[in-house]
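Residue strings, one per chain:
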Amino acid sequence: MSSAPPTGPGPQEPPGPAAAPAPPVADADPTRPPHPYTEVQRSAEFGELRRDHRAFAFPLTLAFVLWYLGYVLLSSYAGGFMAVKVAGNVNVALVLGVAQFLTTFLIAWWYSRHAARRLDPKAEAIRNRLEGAA
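These numbers were taken from a predicted model, which means no experiment stands behind them. (Residues numbered from 1 in each chain as written. Predicted model: local features only at pLDDT ≥ 70, side-chain atom pairs only at ≥ 80, totals over all residues. Heavy atoms only, no water.)

Caption draft 1: How the structure looks around the overall build of the protein chain. On a plain count of helices and strands, the protein chain comes out with four helices and two strands. The order of helices and strands in the protein chain, counted from the N terminus, is α-α-α-β-β-α. Across the 134 residues of the protein chain, 17% fall into the buried class. For the protein chain, the share of sequence-separated contacts (at least 6 apart) that also reach a separation of at least 24 residues comes to 57%. For the protein chain, the exposed area adds up to about 10700 Å²; of that, 67% sits on carbon and sulfur atoms. (Helix = DSSP H or I, 4+ residues; strand = E, 2+ residues; numbered from the N terminus. Buried < 20%, exposed > 50% of the residue type's maximum accessible area, 1.4 Å probe, protein only. Contact = heavy atoms within 4.5 Å. Areas by Shrake-Rupley, 256 points an atom, 1.4 Å probe, with all protein chains shown as cover.)

Caption draft 2: Inspection of the nonpolar core at higher detail. Counting residues in each nonpolar core, the largest one holds six residues, listed as Val40, Leu49, Ala115, Leu119, Ile126 and Leu130. Ranked by the residues each element gives to this core, the list is headed by helix 4 (residues 92–133), at four residues. The contacts of isoleucine 126, once residues within four sequence positions are left out, are Val40, Glu45, Phe46 and Leu49. In this structure, Met82, Val92, Ala93 and Leu96 belong to the second largest nonpolar core, which totals five residues. (Core = buried A, V, L, I, M, F, W, Y, C linked by side-chain atoms within 4.5 Å.)

Caption draft 3: Examining the pattern of salt bridges more closely. Enumeration according to the criterion identifies six salt bridges in this entry. Here arginine 118 makes a salt bridge to aspartate 52, at a shortest N to O gap of 3.0 Å. With a gap of 66 residues between them, arginine 118 in helix 4 and aspartate 52 in helix 2 (residues 44–77) connect regions that are remote in the sequence. Judged by relative accessible area, which is 41%, arginine 118 ranks as partly exposed. Looking at aspartate 52, the relative accessible area reads 14%, which means it is buried. Across the salt bridge formed by arginine 127 and glutamate 131, the nearest N and O atoms sit 3.5 Å from each other. Of this pair, arginine 127 and glutamate 131 are both found in helix 4, four residues apart, which corresponds to roughly one turn of the helix. Take arginine 127: its relative accessible area is 42%, and that puts it in the partly exposed class. Linked through salt bridges whose partners overlap, the residues forming this network are Glu48, Asp52, Arg118 and Lys122. (Salt bridge = Lys/Arg side-chain N within 4 Å of Asp/Glu carboxyl O.)

So this is what it looks like as structure tokens:
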């Protein structure tokens, strides 16, 4: 048995003092006013903005993921179907693959339009209220 000090990786110095505890949350002290961002987060306006975003983004994301997984599963397990010729050398797999790209761009355009019409005005109003209070 050797009594030589370890030379491999590992702690070479004893650990320093324990890390300082995290500062208290602003709302922990009831005499202290809440932070403006906390007030905004709890506001009905912000809740409506989040609901509008989620109502659009979540279903569309789920639909696209299912559409993509369907394409992958068809490619893996339905080779005969995917090899069916549609026109010339263009088969179902190629048509569906190109449709994946088109769907991606369509969703991006649709979300941009939705955000400009429904989300951005609400977010702008919240931001203006917050900056006006600062």
